[in-house]
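Commentary on secondary and tertiary structure
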Amino acid sequence: ARGRLGLKDNSTPPSARDVVLLEAYTMATHSSTPASVAAALARLGSADAVAAALEAADVPPEILTAIEVVSIAAAESANKRRLMAIDVRNDALGRVGTIQTLIELLGRHAGSLVCRRWRDSSRALALTKFEEDRLVLAVAEDHTNPRLLANLSYYDVTTLDLSRWISRRENPTDAPVIALSKGCRNLVNVNLAACWKYWNNITDAAITALAAYCPKISKINLDNCNDITDAAIATLAAGCPTITEVNLSDSRKVTDAAITALLTGCPALAVIEASYNYKVTDAAFEALATGGVGGKLTKIALTQTSIRDVGVTAIATACRQLTSISLYETAVTDLAVTALVRGCRSLLHIDLGATDITDGGITELATGCCQLKSIDLSVTPVTDAGVCSLATNCRQLSRIVLDETRITDGAVMALVTGCLELEHIDLSNNSGDITDASLVALANGCPKLKEVCLYSDEDEYGERWASFVTDAAVEALRTSHGGIKVSKLGWD
């Protein structure tokens, strides 16, 4: 920087002009705000003094342009700013290219201060994610402010994420969502989920507004929206037929009718999540039997729903491209697995935890879907036989959950031998059946291993179950392969 400003001899004290230029140049090259650069230049005095100093300095063209236009934005007189803009603009554009390119270099605010044409070009630029989020939250906080609402029409906002805003308010209402829907007609991604389900008061009115004003919605998250009904989802499916991903998990008023409306009204639907809702049953997927719908589904999450073998069979028959399905704590059996093996040969991720799956079903899954990458078998009667079948056939397996199963060290040894891609394994609550031998094998035989879970639940008296591995073995595992995350207790 000193060299570019003619200060190659560090022993020579720089002049006041050089100090200011050095500061402005350093700021500009380190992506400081235009206001910071302008403040530094302002110490040189008048606009003419700034121009003369810049002309004398040997700085890169891009930085010179940035400093020039920032100085224009900082000029005290509007007329002087306009005249300077006329002089600088032609030369600046010749060096950089287009107005849009220059504004991207300077920043939206500095560019908008140069002249009316530059202001319009600044508004035409796509918002950064930070700017988009800030504008959306500002409207949510003050949705009747005409200035904020006018800004929505200037910018092409495509993402509406109010999840944190909803979670931080005890009584969020539909009004902000409706205002944003009217102002952001090109929305693609919408997130109205709430961390605290009892605080989410978003109702059908908000969803109806989205359906009416935002037909381009592709992804929508309505997790924990407990006041939304089937009617709103049906309206959404009709108004936004391009939806590809939808999350209705923990939305307690949603039933089978909503799922059916999405399956029939959104032909491009690829992901549907409806977990934690026992109103979702096999009937939700009866529409799949008619053919022509559900063919593009790749992921279905039905954890803690009333889905059974019949519903899974309908899914397996129609959804040939399915790669992920979650059936944790449902009433499915080996029959559901048989259907999935026959219909969904591309399955990569499956959650069968807390189901009635047996070694027979796991063996059939392992031989039919050899490309499996992750599987959850927690709280099932699965034994070494089922796990050994996975180890033999599913060589790409990287994650397996065996919490509270009936396995022994033999299952772990098989996985170590057959699954060299293994990164995560959960052996929790297998007291007495898993010993230090398993940990030694994991430490020595799984080069990609990142995490091992070994925690134990508390018994009814508040005492921990007896540790089924020693501290020495845990420590040896923790330090192997450059450091493995090991959880020995449930609250670690």
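No experiment lies behind these values; they were computed from the predicted model shown.

Brief notes about the overall build of the protein chain
- Helix and strand counts for the protein chain stand at 22 helices and 13 strands.
- Taken across its 492 residues, the protein chain has 49% of its residues classed as buried.
- If you take every contact in the protein chain between residues at least 6 apart in sequence, the share linking residues at least 24 apart comes to 71%.
- As displayed, the protein chain has an accessible area near 22,100 Å², and 52% of this comes from carbon and sulfur atoms.

Considering helix α16 (residues 309-318)
- For α16, the buried fraction is high: seven of the 10 residues fall into the buried class.
- Restricting attention to buried positions, one finds in α16 the residues Asp 309, Gly 311, Val 312, Ala 314, Ile 315, Ala 316 and Ala 318.
- Buried residues along α16 sit in contact with β6 (299-301) and α17 (334-343).

Thoughts on helix α21 (residues 436-445)
- Within α21 the residues assigned to the buried category are Ser 438, Leu 439, Ala 441, Leu 442, Ala 443 and Gly 445.
- Buried residues belonging to α21 abut α20 (409-418), β11 (424-426), β12 (451-453) and α22 (471-479).

Section: the packing of helix α13 (residues 204-213) against helix α14 (residues 230-239)
- α14 packs onto α13 with a crossing angle of 10° between their chain directions and a minimal axis gap of 8 Å. When the axes of α13 and α14 are compared, the pair comes out roughly parallel. Across the interface between the two elements, Asp 204, Ile 207, Thr 208 and Ala 211 from α13 touch Ala 231, Ala 232, Thr 235, Leu 236 and Gly 239 from α14.

Considering the pattern of salt bridges
- On inspection of all chains with the given rule, the structure shows eight salt bridges.
- Notably, a salt bridge pairs Lys 253 with Asp 227, separated by 3.7 Å at the nearest N-O pair. In this pair, Lys 253 sits in the loop between β4 (245-247) and α15 (256-265) while Asp 227 sits in the loop between β3 (219-221) and α14, placing the two residues 26 residues apart along the sequence.
- Arg 478 serves as the salt-bridge partner of Glu 475, at 3.6 Å between the closest nitrogen and oxygen. Residue Glu 475 and its partner Arg 478 are located together in helix α22, separated by three residues, close to a single helical turn.

Details of unusual backbone geometry
- A positive phi angle, close to 60°, is found at Asp 250, a residue other than glycine.
- Here Asp 250 lies in the loop between β4 and α15.

Side note on the confidence of the model for the protein chain
- On average, residues of the protein chain score 79 in pLDDT, and 67% of them reach the 70 mark or higher.
- Confidence over residues 72-97 falls short of pLDDT 50; this stretch has 33 contacts with residues more than four positions distant or in other chains.
- Across residues 459-466 the pLDDT falls below 50, and counting only partners more than four positions away or on other chains, this stretch makes 11 contacts in the model.

A closer look at the packing of helix α12 (residues 175-183) against α13
- In contact at an axis separation of 9 Å, α12 and α13 are set at 0° when each is read in the N-to-C sense. Compared by their axis directions, α12 and α13 come out roughly parallel. Across the interface between the two elements, Val 177, Ile 178, Ser 181 and Lys 182 from α12 touch Ala 205, Ala 206, Ala 209, Leu 210 and Tyr 213 from α13.
- Of the residues that constitute the contact of α12 with α13, the class distribution is seven nonpolar, one polar and one charged.

Observations regarding the environment of Ser 251
- Along the chain, the position of Ser 251 falls in the loop between β4 and α15.
- In this structure, the C-alpha to C-alpha distance between Ser 251 and Ala 193, residues 58 residues apart in sequence, is 9.8 Å.
- Apart from the residues lying within four places of it in its own chain, the contact partners of Ser 251 are Leu 222, Asp 223, Asn 224, Cys 225, Asn 226 and Asn 277.
- Among the polar contacts made by the side chain of Ser 251, one reaches the main-chain amide nitrogen of Cys 225 at a distance of 3.4 Å.

Remarks on the environment of Ala 287
- With respect to the element layout, Ala 287 can be found in the loop between β5 (271-273) and β6.
- What makes Ala 287 buried here is its relative accessible area of 12%.
- If sequence neighbours within four positions are ignored, Ala 287 has contacts with Thr 260, Thr 264 and Val 293.

Section: the environment of Leu 427
- Tracing the sequence through the fold places Leu 427 in the loop between β11 and α21.
- Accessibility expressed as a relative area gives 0% for Leu 427, which makes it buried.
- Between the C-alpha atom of Leu 427 and that of Thr 408, which follows or precedes it by 19 residues, the distance is 9.7 Å.

Conventions and cut-offs
- Position numbers for residues count from 1 along each chain, tracking the sequence in the order it is written.
- Totals for whole chains, interfaces and linings use every residue, but because this is a predicted model, local features are given only for residues with pLDDT of at least 70 and side-chain atom pairs only at 80 or more, for both listing and counting.
- Derived side-chain values reflect all non-hydrogen atoms in the structure, with water molecules and hydrogen atoms excluded from consideration.
- The numbering of helices and of strands both runs from the N terminus, where a helix is a DSSP run of H or I of at least 4 residues and a strand a run of E of at least 2.
- Throughout, exposure labels follow a simple rule: accessible area from a 1.4 Å probe, protein chains only, divided by the maximum for the residue type, with under 20% read as buried, over 50% as exposed, and the rest as partly exposed.
- The criterion used for residue contact is that any of the two residues' heavy atoms lie within 4.5 Å.
- Only the protein chains shown count as covering a residue, and every accessible area follows the Shrake-Rupley method with a 1.4 Å probe.
- All axes here are fitted lines through C-alpha atoms, helices being fitted over the stretch that makes contact, and every angle between N-to-C directions spans 0 to 180 degrees.
- Here the word oblique covers every angle except those under 35 degrees (roughly parallel), over 145 (roughly antiparallel) and from 65 to 115 (roughly perpendicular).
- By definition, a salt bridge exists where a carboxyl oxygen of Asp or Glu is found within 4 Å of a side-chain nitrogen of Lys or Arg.
- What pLDDT reports is the predictor's confidence in each residue, on a scale of 0 through 100.
- Residue classes follow a fixed rule: Ala, Val, Leu, Ile, Met, Phe, Trp, Tyr, Cys and Pro count as nonpolar, while Asp, Glu, Lys and Arg count as charged, and any other residue, Gly among them, counts as polar.
- Within 3.5 Å is the distance limit for a polar contact, defined as a pair of N or O atoms, with the added protein rule that one can donate a hydrogen and the other accept it, and that residues adjacent in sequence qualify only through two side-chain atoms.

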